[in-house]
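So the chains spell out like this:
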Amino acid sequence: MALKKDKQKVLGEVFDEARVKSFLNVPARPDVNQDYDILEKAYRGMKAENFETFVNFFKEEGRDLNAKNPAGQTFLQVISEHKLAANYIDILKSAGAKY
């Protein structure tokens, strides 16, 4: 049995300032720290250059770059295990995120 994708991949989506900021208002899962969840959703939905802009807005709002997931890990700790996350890791470190 083949599985059907529930949404189509969007190519060439424009991430203007308003679109980037919209990730700050994405509802978090009830069992996850809101700041952690928002970082994860932005990481999964943005290219590195957009993520860098997002992180600046995130910090301006006083949000926590070192928020932890239910397992007690920061977002930086989690993505440090991802093969293709080097640019995102650099962005988070430059913004003050810690392991």
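See the structure shown above.
Before going into details, it helps to say that this report is about the structure given with it. None of these values were measured; they are calculated from a predicted model. (Residues numbered from 1 in each chain as written. Predicted model: local features only at pLDDT ≥ 70, side-chain atom pairs only at ≥ 80, totals over all residues. Heavy atoms only, no water.)

### Things to note about the packing of aromatic side chains
Two aromatic rings are characterised by how far apart their centres lie and by the angle between their planes. Stated formally: Ring geometry is summarised as follows: Phe, Tyr and Trp rings, the Trp one being its six-membered ring, pair when their centres sit within 6.5 Å, and such pairs are stacked at plane angles under 30 degrees, edge-to-face over 60 and tilted between the two. Comment: the charge-over-ring label is applied if NZ (Lys) or CZ (Arg) is within 6 Å of the ring centre and within 35 degrees of the ring normal.
Counted under the stated rule, the structure contains eight aromatic pairs. In this structure an aromatic cluster arises from ring pairing among Tyr 36, Tyr 43, Phe 51, Phe 54, Phe 58, Phe 75 and Tyr 88. A cation over a ring is seen here: Lys 21 above Phe 57, with NZ or CZ 4.7 Å from the ring centre.

### Quick look at the nonpolar core
Looking at soluble globular proteins, one finds that nonpolar side chains tend to be buried together. Stated precisely, the cut-off is as follows: Residues belong to a common nonpolar core when they are buried Ala, Val, Leu, Ile, Met, Phe, Trp, Tyr or Cys residues joined through side-chain atoms within 4.5 Å. Relative accessibility thresholds used throughout: buried, under 20% of the residue-type maximum; exposed, over 50%; partly exposed, between the two (1.4 Å probe, protein chains only). By definition, any uninterrupted DSSP run of H or I lasting at least four residues is a helix, any uninterrupted run of E lasting at least two residues is a strand, and each is numbered from the N terminus. Any two residues whose heavy atoms approach within 4.5 Å are treated as being in contact.
Grouped together as the largest cluster of nonpolar side chains are 30 residues, with contacts concentrated most on Phe 51, Phe 54 and Leu 92. Secondary-structure elements contributing two or more residues to this core are helix H2 (34-45), helix H3 (48-60), helix H4 (75-79) and helix H5 (86-95). Of all the elements, H3 adds the most residues to this core, at six residues. When neighbours within four sequence positions are excluded, Phe 51 is seen to be in contact with Leu 39, Ala 42, Tyr 43, Met 46, Phe 75, Tyr 88, Ile 91 and Leu 92.

### A word on the pattern of salt bridges
To keep things clear, this is the line we draw: By convention in these notes, a salt bridge is any Lys or Arg side-chain nitrogen within 4 Å of a carboxyl oxygen on Asp or Glu.
Here the structure, examined in full by the defined rule, presents seven salt bridges. Of the charged contacts, one joins Arg 29 and Glu 40 as a salt bridge, the two residues approaching to 2.8 Å between their closest N and O atoms. With Arg 29 in the loop between helix H1 (17-22) and H2 and Glu 40 in helix H2, this pair connects stretches of sequence that are 11 residues apart. By relative accessible area, which is 38% here, Arg 29 ends up partly exposed. Between Arg 63 and Asp 35 there is a salt bridge, with its nearest N and O atoms 3.1 Å apart. Of this pair, Arg 63 sits in the loop between H3 and H4 while Asp 35 sits in helix H2, placing them 28 residues apart in sequence.

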